[in-house]
Amino acid sequence: MTPERWAQIKEVFVAVADQPASARDVTLDRLCLDDDDLRLQVEQLLSQHGKAGQFMEATPPLPAARATSERLEPGSHLSGRYQITKFLGSGGMGEVYAADDLELGEQVALKVIRQEGRVGPAMLDRLRREVQLARRVTHPNVCRVYDLGRHTQPGHDLIFLTMELIAGETLAERLRREGKISSTDALAVAVQLCHALDAAHHAGVLHRDFKCGNVMLIGSGEQVRAVVTDFGIARWIQPQTDTQSNASQTMPAGTPAYMSPEQLAGQPLTAASDIYALGLVLYEMVTGARPFRADSPLAEAFKRLNEPPEPPIKATPELSENWNYTILKCLEREPGKRFASAQEVIESLRGTAAASAPSARWPGKTSIHRTATHNRSIRRNWIAAALLFVLAALGFAVRDRIWSPRLPAQKHVAVLPFTFAGNDPSDGATTYGLAQSLSANLARLQPTESSLWVAPWSQTRSRKADGVGNAAAALGVNLLVTGSVEKNGERFRVHADLKDALTFKSLRSQIVDVPQAERVTLEDTLLERVAGMLQVKLPAGMLHHLPVDETVVPGAYEFYEQGRGYLLHFDGDNVERAIGLFQKAVEQDPNFALAYANLAYAYAWKFHRTQDTKWRDLAKQNAGKAKALNDDLASTHLALAMVGRDTGDIDAAVNEFQRALRLDPADDETLNLLALTYDDAGQTLQAESLLKDAVKRNPANWVNYNFLGSFYYRHAQYAQAELLLRAATQLAPDNPSPLNNLSGVLLAEGKYKDAEEILGRAITVKPTKAGYSNLGYAQFYQARYKDAAQMFQKAAELSPADDRLSRNLGDAYALAGEPAKAADAYARAVQQVQKLLALRPRDPQLLQNLALYYAKLGRKQNAQGILAQAVRFSTRDPEFIFNTGVIYELTGQRDRALRELHEALRSGYSLSELQNAPELSQLRADKRYPQIVSGPPD
């Protein structure tokens, strides 16, 4: 036992020793909480104390501690924001409640920290570190911690944490109820626990108290969701040269029954310590007991320091050798002999790691069993090699069905653009469209295949199969589907490969060969074969609903197929080619509904990019033809939705997005666009609910975290936004989109250096408008105005029609001392936004932008008139309110500016941006400015 643990036992003992026996249980409940080992040790001391008198060293009794975390009643309010709805139980630091967050309209878990009269700066700092550390770990299998709060009341304050509310039971409770879990069901839990620890370790955080009581389970069987909770005693992993950090790491913390040998000995901890605790949890899951059985926790800890564990296969004979080996390797006494990462534990459990071979050595007294296992393994390998030799000698091809590598339980798949062996651009476009259709059709399997998630085509379409070294990190996937297509005379041949996304090693392959005359069946056949490689079932009716059903004219189908391939590139020249091919398709077959639908979508895309009304009219015209022929094509309604959104007809856009989503419910991109449109219409709750549902339905999809995080950013809820966007960057760490969005949140929080560092990564991956623009902001806020102007200029070159980039460029030039260039940039912004207003004259954001540009040009009367129109149409989100205040300040209306800026802060707008906005430099010198930050202005 460590000195620190002994001091903890003594402290509790002294607090209860002088109490009547009838009162001790209540106090022990309060002081020990779920630390069963602590309570057992104290009770043993109390028993001995009663028999032998005062045997401990003289220690003055502690003053009676006032219970500052007395039970809160349902209906109680904390900080004017949280309403208690239910007591959930006691955790390691205090009582836990379900509570309604009255500001966000959702439920949270609220943990009131047990203070015991010892609240001070040190404890508050510890809690702040807990929140900061917990926020570093964002993953679907980690309980999200939101914030640290303080509730002021007479006599004492309540300190509390808010976190994700998880409706389930702990793994400890399930094991007490069921005894043990089958290895099949345990694997689903184990993989998720490994993912949670892996995310924490990559974020530089140790759990330090990983145990069955800190794992929540929702559901059961293969559908179970496991969530790791309570990173409350985790510590930031510092470099080994940091002596202060190492000293802090030697302070033991956690539950003794799950401590690693080095943790019990007070030695420095590493990720291997969590791996050891993971091994104890895995052991307990599949056997129903911990491996080191003893009469007391102290004796159990002593065994852990000095003896090897009993192999779990002895307690559970049906356990596989992979499980047995994996658990024992996790429980090696020397940290260096354990797995290097939680990911390696997954590979070993599944039998995909070389180290997990059944012939690996077991410790202790299992040598006889070990030898027999080793011999069986040799015989199996020899027979397999001999059989392969015979098959090869006889000329048989060894197919995927013979000893295929095992696939991961959770299949996160990306279909990459196929390559074409030839120089015909039209066949190359057909090949591109074939890969997209495969991706879309696999995505439609997601509602019935909970183990499958397919990366959106928008994220995979620009990747080449011969350069995907970072595909796993960029796309958040573990499997890739690649393919090559060749045309040999009158035949089409597709070679499809299923590959490991990390190693690019081929796991399975298929060849689809069809005559040119049967080319319209190619999509169905390819889908069937790839689904087989992925070991997923096609539901009844899935096949024979593809474009072959839309035309009986082969030539029309070929034009459509080539056109779709060009359209999917989504750039000007290719969209033009697509339009020409779709037109040829409908000339060949005037009843080809799908060709009309895609033609409408192509025109809608052109309208979105150019805002030229002739493309809007053509989009509507062709969508009408498609609907008349077949009103059940998602692409028709998606085209009309895009037109509605771009013309400001939000109600029509919502209706069309809803219809498209009903027709193709697996299309997450349509769902996210619908949510954004709800938000534009002021239907914020519907937007938030839709985005949250997308995350819940598909927790492995980084795109959904990206959209929900962006939504919270837009509504100035930066803490939630940062958590979600960090989750997106962890699922797809080499993708620029979530990196750019995360940098925007960091900018709003005033973390300019952090944002600049992330943007450097994002631009290295892929230079984008958002990346350059945000980097310009980071430099702008650090008063590096010339650098910022260069970044804004690069962003504007990538998106020359964006008025906001011209405004940013003008701001940078103005502060860099180049007023003429600034005026030119503002004038260009006015022209750009006026062009958009011709299409959407009631758009409040466009109107406000125009008012702001006029104000910056000194045209105050124009700015005031336009702003009045914007205010009439606006839903007044925090950013709109803030910019209204800026315009009032620029047009000489200080009183109104103060009121608007105060309202913006109350709505959650970034204080950092308010304090750094150059337009408000004079306002910040106003004596009333401090009041808008802390209270209502005069």
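S.K.: Just give me the short version of the overall build of the protein chain, but keep the residues and values in it.
M.R.: When helices and strands are tallied, the protein chain shows 40 helices and 15 strands. For the protein chain, the residues scored as buried account for 53% of the 938 residues in total. Taking all contacts inside the protein chain whose residues are at least 6 apart in sequence as the whole, residues at least 24 apart take part in 59%. As displayed, the protein chain has an accessible area near 41,300 Å², and 51% of this comes from carbon and sulfur atoms.

S.K.: Tell me what's going on with the packing of helix H26 (residues 684-697) against helix H27 (residues 702-714), and back it up with residues and numbers.
M.R.: For the pair H26 and H27, interaxial distance at closest approach is 9 Å and the crossing angle is 155°. It follows that H26 is roughly antiparallel to H27 by the angle criterion. Regarding H26 and H27, the two cross each other, and that crossing is left-handed. Contacts between H26 and H27 involve Thr684, Ala687, Glu688, Leu691, Lys692, Ala694 and Val695 from the first element and Asn704, Tyr705, Phe707, Leu708, Phe711 and Tyr712 from the second.

S.K.: Go over the environment of Gln779 with me, naming the residues and quoting the values.
M.R.: Its place among the elements puts Gln779 in helix H31 (residues 769-781). Of the residues examined, Gln779 reaches a relative accessible area of 7% and is grouped as buried. Ignoring any residue separated from it by four or fewer positions in sequence, one finds Gln779 in contact with Glu756, Arg784, Asp787, Ala788 and Met791.

S.K.: I'd like a description of the pairing of strand S6 (residues 156-163), backed by residues and values.
M.R.: Taking burial as the measure, the eight residues of S6 include seven buried ones, the bulk of the element. Strand direction decides the pairing type here: strand S4 (residues 106-113) and S6, joined by four bridges, are antiparallel. Bridge pairing links Val112 to Phe160 in S6. Note: strand S5 (residues 145-153) against S6, eight bridges, orientation antiparallel. Directly across from Gly149, in S6, lies its bridge partner Phe160.

S.K.: Please provide a residue-by-residue account of the pattern of salt bridges, values included.
M.R.: Within the structure shown, the criterion is met by 36 salt bridges. For Asp787, the salt bridge goes to Arg784, with nearest N and O atoms at 3.5 Å. We classify Arg784 as partly exposed; its relative accessible area is 27%. Residue Lys856 pairs with Glu919 through a salt bridge whose shortest N-O separation is 2.6 Å. With Lys856 in helix H35 (residues 844-856) and Glu919 in the loop between helix H39 (911-916) and helix H40 (929-934), this pair connects stretches of sequence that are 63 residues apart. On the basis of relative accessibility, which here comes to 16%, the residue Glu919 falls in the buried class.

S.K.: Which residues make up the nonpolar core, and what values do they have?
M.R.: Ranked by internal contacts, the top residues of the largest apolar core, which has 135 residues, are Val477, Tyr560, Phe882, Leu914 and Leu920. Looking at this core, the element that brings in the most residues is helix H21 (residues 593-610), giving 13 residues. In terms of nonpolar packing, the next biggest core, distinct from the first, is built from 52 residues, Ala188, Cys212, Tyr258 and Val345 among them.

S.K.: Just give me the short version of the confidence of the model for the protein chain, but keep the residues and values in it.
M.R.: Averaged over every residue, the pLDDT of the protein chain is 78; the share at 70 or more is 79%. The low-confidence segment residues 234-252, where pLDDT is below 50, has 39 contacts with residues more than four positions distant or belonging to other chains. In the model, residues 354-403 has pLDDT below 50 throughout and makes 39 contacts with residues more than four positions away in sequence or in other chains.

S.K.: Give me the lowdown on unusual backbone geometry, citing residues and values where you can.
M.R.: Non-glycine residue Gln535 carries a positive phi angle of around 60°. Considering the arrangement of structural elements, one finds Gln535 in the loop between helix H18 (522-534) and helix H19 (554-567).

S.K.: Residues and numbers for the sheet that holds S6, please.
M.R.: Reading across from one edge, S1-S2-S3-S4-S6-S5 is the order of the six strands in this open sheet, with antiparallel pairing throughout. Strands at the two margins of the open sheet, each flanked by one partner only, are strand S1 (77-78) and S5.

S.K.: Any details on the packing of helix H22 (residues 613-629) against helix H23 (residues 634-646)? Residues and values, ideally.
M.R.: In the contact formed by H22 and H23, the axes pass within 9 Å of each other and the chain directions differ by 150°. As judged from the angle between their axes, H22 and H23 are roughly antiparallel. Here H22 and H23 pass one another in a crossing that is left-handed. Together, Arg616, Ala619, Lys620, Ala623, Ala626 and Lys627 of H22 and Thr636, His637, Leu640 and Val643 of H23 make up the contact between the two elements. Tallied by class, residues from the contact of H22 with H23 come to five nonpolar, two polar and three charged.

S.K.: Kindly report on the packing of aromatic side chains, identifying the contributing residues and their values.
M.R.: One pass over the structure, following the stated rule, counts 14 aromatic pairs. Judged by centre distance (5.5 Å) and plane angle (65°), the rings of Phe711 and Tyr712 are edge-to-face. Aromatic side chains Tyr777 and Tyr781 sit 5.9 Å apart centroid to centroid with 25° between the ring planes, which places their arrangement in the stacked category. Placement of the pair is Tyr777 and Tyr781 together in helix H31, with a separation of four residues, close to one helical turn. Counting every residue linked through ring pairs, the aromatic cluster contains Tyr752, Tyr777, Phe780, Tyr781, Tyr785 and Phe792.

S.K.: I'd like to hear about the side chain of Glu169, residue by residue, with values.
M.R.: Here Glu169 shows up in strand S7 (residues 169-170). Among the polar contacts made by the side chain of Glu169, one reaches the side chain of Arg174 at a distance of 2.6 Å. In this structure, Glu169 is in contact with Arg174, Arg177, Val215, Met216 and Leu217, ignoring residues within four places of it in sequence.

S.K.: An account of the sheet that holds S7 is requested, with residue identities and associated values reported.
M.R.: Spatial ordering of the open sheet is given by S7-S8-S9, a layout of three strands whose pairing is antiparallel. The open sheet has two edge strands with one neighbour each: S7 and strand S9 (225-228). Where S7 lies against strand S8 (residues 215-218), two bridges are found, and the strand directions are antiparallel. In the strand pairing of S8, Glu169 is matched with Leu217.

S.K.: Describe the environment of Gly219, naming the residues involved and giving the relevant values.
M.R.: Residue placement: Gly219 occurs in the loop between S8 and S9. If we skip the residues at most four places from it in the chain, Gly219 touches Arg174 and Val224.

S.K.: Kindly report on H18, identifying the contributing residues and their values.
M.R.: Over its 13 residues, H18 extends 18 Å from the first C-alpha to the last, a length consistent with the 18 Å expected when each residue adds 1.5 Å. Of the residues flanking the end of H18, it is Gln535, one or two places downstream, whose phi is positive at about 60°.

S.K.: Help me get a handle on the environment of Lys786, residues and values and all.
M.R.: Its place among the elements puts Lys786 in helix H32 (residues 785-798). A relative accessible area of 58% means that Lys786 is categorised as exposed. Expressed as a C-alpha distance, the spacing of Lys786 and Ala816, which sit 30 residues apart in the sequence, is 5.9 Å.

S.K.: Tell me about helix H28 (residues 718-731), and name the residues and values.
M.R.: For H28, spanning 14 residues, the distance from its first C-alpha to its last is 20 Å, which sits close to the expected 20 Å at 1.5 Å a residue. Along H28, eleven of the 14 residues are buried, which leaves the element largely enclosed by surrounding structure. Taken together, the buried positions of H28 are Tyr718, Gln720, Ala721, Glu722, Leu723, Leu724, Leu725, Ala727, Ala728, Thr729 and Leu731.

S.K.: Let's hear about the pairing of S8: which residues, and what values?
M.R.: Pairing analysis gives four bridges linking S8 to S9, with the strands arranged antiparallel. Among the inter-strand pairings, Val215 is bridged to a residue of S9, identified as Val228. Linking two consecutive strands that pair antiparallel, namely S8 and S9, is a turn of six residues; a positive phi of about 80° is found at Gly219 within it.

S.K.: So what's going on with the state of the cysteines? Which residues, and what values?
M.R.: Counting across every chain of the model gives zero disulfides. Looking at the unpaired Cys194, the closest cysteine sulfur is the one in Cys330, lying at 7.3 Å.

Conventions we followed
- Residues numbered from 1 in each chain as written.
- Predicted model: local features only at pLDDT ≥ 70, side-chain atom pairs only at ≥ 80, totals over all residues.
- Heavy atoms only, no water.
- Helix = DSSP H or I, 4+ residues; strand = E, 2+ residues; numbered from the N terminus.
- Buried < 20%, exposed > 50% of the residue type's maximum accessible area, 1.4 Å probe, protein only.
- Contact = heavy atoms within 4.5 Å.
- Areas by Shrake-Rupley, 256 points an atom, 1.4 Å probe, with all protein chains shown as cover.
- Axes fitted to C-alpha atoms, helices over the stretch in contact; angles between N-to-C directions.
- Parallel < 35°, antiparallel > 145°, perpendicular 65-115°, else oblique.
- Left-handed = near helix turned anticlockwise from the far one by under 90°.
- Pairing = 2+ DSSP bridges.
- Salt bridge = Lys/Arg side-chain N within 4 Å of Asp/Glu carboxyl O.
- Core = buried A, V, L, I, M, F, W, Y, C linked by side-chain atoms within 4.5 Å.
- pLDDT = per-residue confidence, 0-100.
- Nonpolar A, V, L, I, M, F, W, Y, C, P; charged D, E, K, R; others polar.
- Phe/Tyr/Trp six-rings, centres within 6.5 Å; stacked < 30°, edge-to-face > 60°.
- Polar contact = N/O pair within 3.5 Å; in protein donor to acceptor, adjacent residues only side chain to side chain.
- Expected span 1.5 Å × (residues − 1).
- Disulfide = S-S within 2.5 Å.

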